[in-house]
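# Coordinate analysis (summary)
Residues per chain, in single letters:
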Amino acid sequence: MRDLALHQITMTQGGPSGLVRFAAKAGLKKVCLFTATPLTADGKPMFAIVEPSDKTEFQSLLADNGVSIINAEYFPVMPETDVGGYAAALELAAELGAKRAVTHIHEVDPVRIADQLGALCAMANELGIEIGLEFTGFAKGCDSLEKAVKLHQAMNQSNLKVAIDALHLFRTGGTLDQLKTVDPHIIGYAQICDGPHFRKSDDYVEEAMNRMVPGEGMFPLRALIGLLGAHVDLDIEVPHYASAPHFDAEDWAQEAIAASKTLLE
């Protein structure tokens, strides 16, 4: 069976360190976590991050639990923001052994997208890590699989890879037939979750933060995974915030892991 990674927003209890310990206990060897975080409307961190001061301790935690990081978040290309400001968080991700750093493209000016995404790829390349390009309906500079593939081609950066998030694929109008036409080698990772229908949507924030466990919805996840090469990392991203704090995050994550393992059998 292919290895699975557990995303921090699936199991937020205990922050990044709690994620690593839980993943190891659940028999997983990979995680996705935050070394940088978006802010809420009132300016507070949205997610707990690995702090630079915790680097040595966190490196030991990863080693002791036999866990590695496939994705470090979150490094978006934003209007009026210089990606150079991500240098410290990117360096920390690399020092923790992260395979790649994740970006979304909120900038819509093509010239500035090329400049900033190119700079981000160059910074990551110097650190020996990839950049994972996620298309989402909320990031208007790259809000479809078609745009992601075109941007990847235009950038021509060896360490830039496209991500396939099941929810974002189907909510932005993507299809499996469309995915079949994409060079599989440009896809770096995929994020597994389920949804109740295939509607295209311009506003699915609530659903994005309250996803369905794989196998409980309508997404053709087995067929989707079957189109991905063996090199593609698989990430369990099934956040559930609607009932928080009145549910057990570990129980939810364990349910998501069990369902994802069943999906791969």
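Refer to the structure above for everything that follows.
Residues numbered from 1 in each chain as written. Predicted model: local features only at pLDDT ≥ 70, side-chain atom pairs only at ≥ 80, totals over all residues. Heavy atoms only, no water.

### Here's the deal with the sheet that holds strand 7 (residues 187-192)
- An order of 1-2-3-4-5-6-7-8 is seen for the eight strands of this closed barrel, with the pairing classed as parallel. Each strand of the sheet is rotated relative to its neighbour by a mean of 30°, with strand direction disregarded.
- In this fold helix 4 (residues 110-127) packs onto strand 4 (100-103), strand 5 (130-134) and strand 6 (160-165), with an angle of close to 145° to the strand it touches most, strand 5. (Pairing = 2+ DSSP bridges. Helix = DSSP H or I, 4+ residues; strand = E, 2+ residues; numbered from the N terminus. Axes fitted to C-alpha atoms, helices over the stretch in contact; angles between N-to-C directions. Contact = heavy atoms within 4.5 Å.)

### Quick word on the nonpolar core
- Phe-75, Leu-117, Leu-145 and Ile-164 are the most contacted members of the largest nonpolar core, which has 82 residues in total.
- Leu-117 has contacts with Val-77, Thr-103, Ile-105, Ile-131, Leu-151, Met-155 and Leu-160, leaving out every residue within four places of it along the chain. (Core = buried A, V, L, I, M, F, W, Y, C linked by side-chain atoms within 4.5 Å. Buried < 20%, exposed > 50% of the residue type's maximum accessible area, 1.4 Å probe, protein only.)

### Observations regarding the pairing of strand 6
- When you tally the buried positions in strand 6, you get six out of six residues, the bulk of the element.
- Every second residue of strand 6 is oriented toward a common face, with Leu-160, Val-162 and Ile-164 on one face and Lys-161, Ala-163 and Asp-165 on the other, all of them buried.
- Where strand 5 meets strand 6, four bridges bridge the pair, whose relative direction is parallel. Paired with Gly-132 across the bridge in strand 6 is Lys-161.
- Crossover handedness for the path strand 5 to helix 5 (residues 145-155) to strand 6: right-handed. (Right-handed = clockwise from strand over helix to strand, strands pointing away.)

### Quick look at the packing of aromatic side chains
- Throughout the structure, instances matching the rule amount to six aromatic pairs.
- Each ring, one from Phe-34 and one from Phe-47, has its centre 4.5 Å from the other, and the planes form 20°; the classification is stacked. Of the two residues, Phe-34 is situated in strand 2 (residues 30-34) and Phe-47 in the loop between strand 2 and helix 2 (55-65); the sequence distance between them amounts to 13 residues.
- What makes Phe-47 buried here is its relative accessible area of 12%.
- Ring geometry for Phe-170 and Phe-198: centres 5.6 Å apart, planes at 85°, overall edge-to-face. Taken together, the residues Phe-170 in helix 6 (residues 166-171) and Phe-198 in the loop between strand 7 and helix 8 (205-208) connect sequence positions 28 residues apart.
- With relative accessibility at 5%, the residue Phe-170 sits in the buried group.
- Pairwise contacts between aromatic rings join Phe-170, Phe-198 and Phe-219 into one cluster. (Phe/Tyr/Trp six-rings, centres within 6.5 Å; stacked < 30°, edge-to-face > 60°.)

### Comments concerning the environment of Leu-96
- Within the element layout of this structure, Leu-96 appears in the loop between helix 3 (87-95) and strand 4.
- Residue Leu-96 is classed as buried on the basis of its relative accessible area, which comes to 8%.
- Every residue in contact with Leu-96, bar those within four places of it in the chain, is listed here: Thr-35, Val-50, Lys-55, Phe-58, Gln-59, Leu-62 and Ile-69.

### So, helix 2
- Within helix 2, burial applies to Phe-58, Leu-61 and Leu-62. When helix 2 is viewed along its axis, its buried side chains cluster within an angular range of 95° and face the same direction. Turned more than 90 degrees off the buried face of helix 2, the exposed positions are Thr-56, Glu-57, Ala-63 and Asp-64.
- Of the surrounding secondary structure, the elements contacted by the buried residues of helix 2 are helix 1 (15-25), strand 2 and strand 3 (68-73).
- Where helix 2 ends, the next residue or the one after it, Gly-66, has phi of about 65°, a positive value. (Arc of directions from axis to C-beta.)

### Brief notes about the side chain of Glu-207
- Among the structural elements, Glu-207 can be located in helix 8.
- Exposure remark for Glu-207: the relative accessible area of 15% places this residue in the buried category.
- Residue contacts for Glu-207: discarding those within four places in its chain leaves Leu-167, Arg-171, Gly-195, Pro-196, His-197 and Arg-199.

### As for helix 4
- Taking 1.5 Å of rise per residue, 18 residues should cover 26 Å, and helix 4 covers 26 Å from first to last C-alpha, within 8% of that figure.
- Listed as buried for helix 4 are Ile-113, Gln-116, Leu-117, Gly-118, Leu-120, Cys-121, Met-123 and Ala-124.
- On the buried face of helix 4, the contacting elements are helix 3, strand 4, strand 5, helix 5 and strand 6.
- Phi turns positive, to about 80°, at Gly-128, one or two residues after helix 4. (Expected span 1.5 Å × (residues − 1).)

### Remarks on the pattern of salt bridges
- Under the criterion given, the structure shown has 14 salt bridges.
- A salt bridge links Asp-233 to Arg-100, with the shortest nitrogen-to-oxygen separation between them at 3.1 Å. Of this pair, Asp-233 sits in strand 8 (residues 233-236) while Arg-100 sits in strand 4; the two residues are 133 residues apart in sequence, bridging distant segments of the chain.
- We classify Asp-233 as buried; its relative accessible area is 6%.
- Salt bridges sharing common partners tie together Lys-30, Lys-99, Arg-100, Glu-130 and Asp-233. (Salt bridge = Lys/Arg side-chain N within 4 Å of Asp/Glu carboxyl O.)

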